[in-house]
Amino acid sequence: MTIAINGYFLSRPFTGFGNYTVGLLGGLAKIDRSNRYLVFVPQKVTYKPTNKRIKIVVLPEKRWLMASAAKFVWEQYQLPKACAKANVDLIHQAYPATAKFCSIPQIVSIHDATPWHFAEHNYSAKIRAYREFTRKTASRAAHVVTVSSFAAQDIAKIFGIAQNKITVIYNGSDPAFRHKISAVTAANVLAKY
């Protein structure tokens with residue numbers, strides 16, 4: 001299969017979605033030996049795939065639009081069109097950005113429903129409209145991936161998605177958190193904090 005990945009946030013690698021996308025690609029490079037991946041990004045990125053079956057494809061945003069409109073057009077029109085042209089079999093949206101008018105099956109990662117619960121995450125009419133749009137279009141996804149059983153239940157309720165269309169895949173941990181430290185170092189840190 002040829003699988004497209006929405007790598008929009010690889011241009012912002014230290015955000016939650018950017019970090020998730022880096023981790024996803026690293027995991028796929030290790031476990032998947034048969035599929036081909038096209039990772040679409042809006043601009044040149046520093047991320048370098050470790051596997052030759054993962055290819056970064058720069059798909060520039062429409063610069064004449066305001067930033068939020070350019071991102072929306074990129075997600076909803078440019079990305080699906082480029083995927084159709086590349087004959088991809090599946091699109092993985094690494095954040096809630098299910099393309100409404102797309103005939104290619106999509107998997108969407110929705111980490112949680114926090115922005116839909118708290119007013120401070122919806123501080124403008126534009127943000128509220130975008131959140132409502134993404135809530136409604138998420139049901140078009142062939143499948144939803146999330147990070148916990150609680151999130152799966154919350155997403156089913158908030159987004160109106162059947163529970164059997166949601167799979168829990170726990171986030172991994174960065175290798176930086178797996179290195180062993182000496183007992184002396186651990187004791188010093190515990191004493192300090």
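*Asks:* I would appreciate a short explanation of the overall build of the protein chain in the present structure.
*Replies:* For the protein chain, the count of helices and strands is 6 helices and 7 strands. Secondary structure elements of the protein chain occur, N-terminal to C-terminal, as β-α-β-β-α-β-β-α-α-β-α-β-α. Overall size of the protein chain, expressed as C-alpha extent along the three principal axes, is 60 × 40 × 40 Å. In the protein chain, which comprises 193 residues, the share counted as buried stands at 42%. Counting contacts in the protein chain only where the partners sit at least 6 residues apart, residues at least 24 apart contribute 47% of the total.

*Asks:* Please clarify how helix α2 (residues 67–85) should be interpreted in this entry.
*Replies:* Along an α-helix, residues three or four apart share an orientation, since each turn contains 3.6 residues. Its 19 residues place the ends of α2 25 Å apart at the C-alpha level, agreeing with the 27 Å of an ideal helix rising 1.5 Å per residue. Of the positions making up α2, those classed as buried are Ala-70, Lys-71, Trp-74, Glu-75, Gln-76, Gln-78, Leu-79, Pro-80, Ala-82 and Cys-83. Taken together, the buried residues of α2 touch β1 (2–6), β2 (36–41), β4 (90–93) and α4 (125–137). Directly after α2, the chain includes Asn-87, whose backbone phi takes a positive value near 55°.

*Asks:* Would you take a moment to explain the pairing of β1 for this structure?
*Replies:* Strand residues, when the strand is regular, have side chains that alternate between the two faces of the sheet. Here β1 lies mainly inside the structure; 5 of its 5 residues are buried. The side-chain alternation of β1 yields two buried faces, one formed by Thr-2, Ala-4 and Asn-6 and the other by Ile-3 and Ile-5. Where β1 meets β2, 5 bridges bridge the pair, whose relative direction is parallel. When the sheet's bridge partners are listed, Ile-3 is paired in β2 with Tyr-37. By the bridge criterion, 4 bridges tie β1 to β4 in an arrangement that is parallel.

*Asks:* I tried to follow the nonpolar core on my own but got confused; where do I start?
*Replies:* For soluble globular proteins, nonpolar side chains are generally found buried alongside one another. Formed by 17 residues in total, the largest nonpolar core has its most connected members in Ala-4, Phe-40, Trp-74, Cys-83, Val-88, Ile-91 and Ile-104. Where this core is concerned, the elements lending two or more residues are β2 and α2. With 4 residues, the single largest contributor to this core is α2. Residue contacts for Phe-40: discarding those within four places in its chain leaves Ala-4, Ile-5, Asn-6, Gly-7, Tyr-8, Val-57, Leu-59, Trp-74, Leu-79, Ala-82 and Cys-83. Counting 15 residues, the second-largest nonpolar core is a separate cluster that includes Val-108, Ile-110, Ala-113 and Phe-159.

*Asks:* Quick question: what am I supposed to make of the packing of aromatic side chains here?
*Replies:* Describing an aromatic ring pair means giving the distance of the ring centres and the angle of the ring planes. One pass over the structure, following the stated rule, counts 8 aromatic pairs. Ring centres 5.1 Å apart and planes at 65° place the aromatic pair Phe-72 and Phe-133 in the edge-to-face group. Residue Phe-72 is located in helix α2, and its partner Phe-133 is located in helix α4; the two are separated by 61 residues in the primary sequence. Residue class for Phe-72 comes out partly exposed when judged on its relative accessible area of 27%.

Basis of the calculations
- As a convention, each chain's residues are numbered from 1 in the sequence order in which they are written.
- A pLDDT threshold of at least 70 governs which residues receive local features in this predicted model, and a stricter bar of 80 or more applies before side-chain atom pairs are shown or counted, although totals over entire chains, interfaces and linings include all residues.
- For the side-chain quantities, the full set of heavy atoms in the structure was used; hydrogens and water were omitted.
- Secondary structure elements are taken from DSSP: a helix is a run of H or I of four residues or more, a strand is a run of E of two residues or more, and numbering for both begins at the N terminus.
- A simple rule labels every residue: compare its accessible area, found with a 1.4 Å probe on the protein chains alone, to the largest value its type can have, and call it buried under 20%, exposed over 50%, or partly exposed in between.
- Working rule for contacts: check all heavy atoms of both residues, and any pair within 4.5 Å makes them a contact.
- To estimate how far a helix should reach, multiply one less than its number of residues by 1.5 Å.
- Two strands qualify as a pair provided DSSP detects at least 2 bridges between them.
- Only buried Ala, Val, Leu, Ile, Met, Phe, Trp, Tyr and Cys residues count toward a nonpolar core, and they belong to the same one when joined by side-chain atoms within 4.5 Å.
- In this scheme Phe, Tyr and Trp rings, the latter by its six-membered ring, pair at centre separations within 6.5 Å, and the angle between planes marks the pair as stacked below 30 degrees, edge-to-face above 60, and tilted otherwise.

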